[in-house]
Amino acid sequence: MANVLFNQKSLLFMSIVSIALSAQAELNPIDGKRIAHPPHRIKPNTPLFAPSGYSPAQMQKAYGLASIPNQGAGQVIGIVDAFDNPNIESDLGVFSSTFNLPACTTANGCFKKIYAAGTQPPGDTGWGTEIALDVEWAHAIAPQAKIILVEAADSSFNSLQQAINVAIQNGATVISMSWGGGEFSGQTQMDAMFNVAGVTFTASSGDDGTGVIYPSSSPYVIAVGGTTLQLDASGNFLSESAWAGSGGGISAFETVPAYQSGLPIPNNPTNKRGVPDVSYNANPSTGVSVFDSFGAGGWIVVGGTSAGAPQWAALIAIAKSASTHALTGLNSMLYGLAKQNYSQLYHDITTGTNGSCGYYCTAQTGYDYVTGLGSPIAQNLIPQLSGSGGGGGGGGQRIPI
């Protein structure tokens, strides 16, 4: 993308919009349907015989989840993906036993796989890896939550929408969508499917750097961007910076929602939705361990914003499980709490870029269009979301606006 003159806001905004418009959702050349892609990245040259990425214990410790006793009991995490991974339940068993997690099987009622169209879709190794990542890491973060995997017949938005409806019908309280496609003019007509009482949606913001994808840009979805998370040998948090692949920017079609306009989100001249909302480790170089016998043939290290969507979904499942009342409007809560006590609830990501468009591609103090509000300090954020008090009380810094 050509450089712009950053002191001319109108030119800069036109440049940002052009990015979004140039990333129109790809059309399937066979039937003309819009299709989605799973934004995950596999770290190359890793051994297949043993895990070599971050473990569940490391991720739990890094983001403060290890000190949260609640593990999501009573909640149902819906994983919506396309095509079939025939080995997912057995692979989840290997993953769970390797990392000393509770078994999650069809037999014990923890896991269920549903074919959205009623018949088993064809296998696909790319989506199969996505399924392994999503299911294993939702279980890693919220091991007492139930998981329903709903497999769409194909990767068209129509089929994925059907799968979302099936997940809702089967009791999902949180739904993770690690996929997306370029924005399109009709997307606002689809937003209503994410405005469901009692159900929270998370979605990946994309892995191609600056630019906005759907459904993460829906105002009813929590969009998850990407970071590079550095840990010490003991798994302690060292630093975090914006990952170059993290999708983000200003939506071309979605009006800024009330929870963002209240900040206000900075440098947003046309009052459109900013993406992402939050972030999570996504760099494949600092990726997580995944067991995938179907697509990869063993252990791999996976990153991408696909890794963040199921883990944020699991975090929300924990907050819902710990709450004594129904949690609704989670996006509004995430921003509202940030305005009250930002520094105690989020890791503010202030370094790194996802492109060459200056301010809009650069991590900033407070909210930015690369990492959103930042990554979670879960030991403080979850009690505040659930209303159980605890960490994140008074004395923190308000979000800079």
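Quick note: structure is the one above.
Keep in mind that this is a model prediction, so the values were computed, not measured.

Caption draft 1: Region of the structure containing the pattern of salt bridges. For the coordinates displayed, the defined rule picks out three salt bridges. Across the pair Arg-41 and Asp-208 runs a salt bridge whose closest N-O atoms are separated by 3.4 Å. Residue Arg-41 is found in strand β1 (residues 41–42), and its partner Asp-208 is found in the loop between β7 (200–204) and β8 (213–214); the two are separated by 167 residues along the sequence. When its relative accessible area of 33% is taken as the criterion, Arg-41 is described as partly exposed. Look at Asp-208 and you get exposed, because its relative accessible area is 72%. Across the salt bridge formed by Asp-84 and Lys-113, the nearest N and O atoms sit 2.9 Å from each other.

Caption draft 2: Structural detail: the environment of Gly-297. Here Gly-297 shows up in the loop between β14 (288–292) and β15 (298–303). Distance in space between the C-alpha atoms of Gly-297 and Phe-49 is 9.0 Å, their sequence separation being 248 residues. Every residue in contact with Gly-297, bar those within four places of it in the chain, is listed here: Leu-48 and Asp-292.

Caption draft 3: Structural context of the state of the cysteines. Counted by the stated rule, this structure contains two disulfides. For the protein, the bonded cysteines pair up as 1-2, 3-4 when numbered in the order they occur along the sequence.

Procedures and definitions
Residue numbers run consecutively from 1 along every chain, following the written order of its sequence. Selection of residues for local features in this predicted model requires a pLDDT of at least 70, selection of side-chain atom pairs for listing and counting requires 80 or more, and totals for whole chains, interfaces and linings are taken over all residues. As a convention, hydrogens and water are excluded, and side-chain values are obtained from all of the structure's heavy atoms. Salt bridges are counted wherever a side-chain nitrogen of Lys or Arg sits within 4 Å of a carboxyl oxygen of Asp or Glu. Think of it this way: any DSSP run of H or I at least four residues long counts as a helix, any run of E at least two long counts as a strand, and we number them from the N terminus. Burial classification: accessible surface area is computed with a 1.4 Å probe over protein chains only, and a residue below 20% of its type maximum counts as buried, one above 50% as exposed, and the rest as partly exposed. Should any heavy atoms of two residues lie within 4.5 Å, those residues are considered in contact. Two cysteine sulfur atoms form a disulfide, by the criterion used here, when they sit within 2.5 Å.

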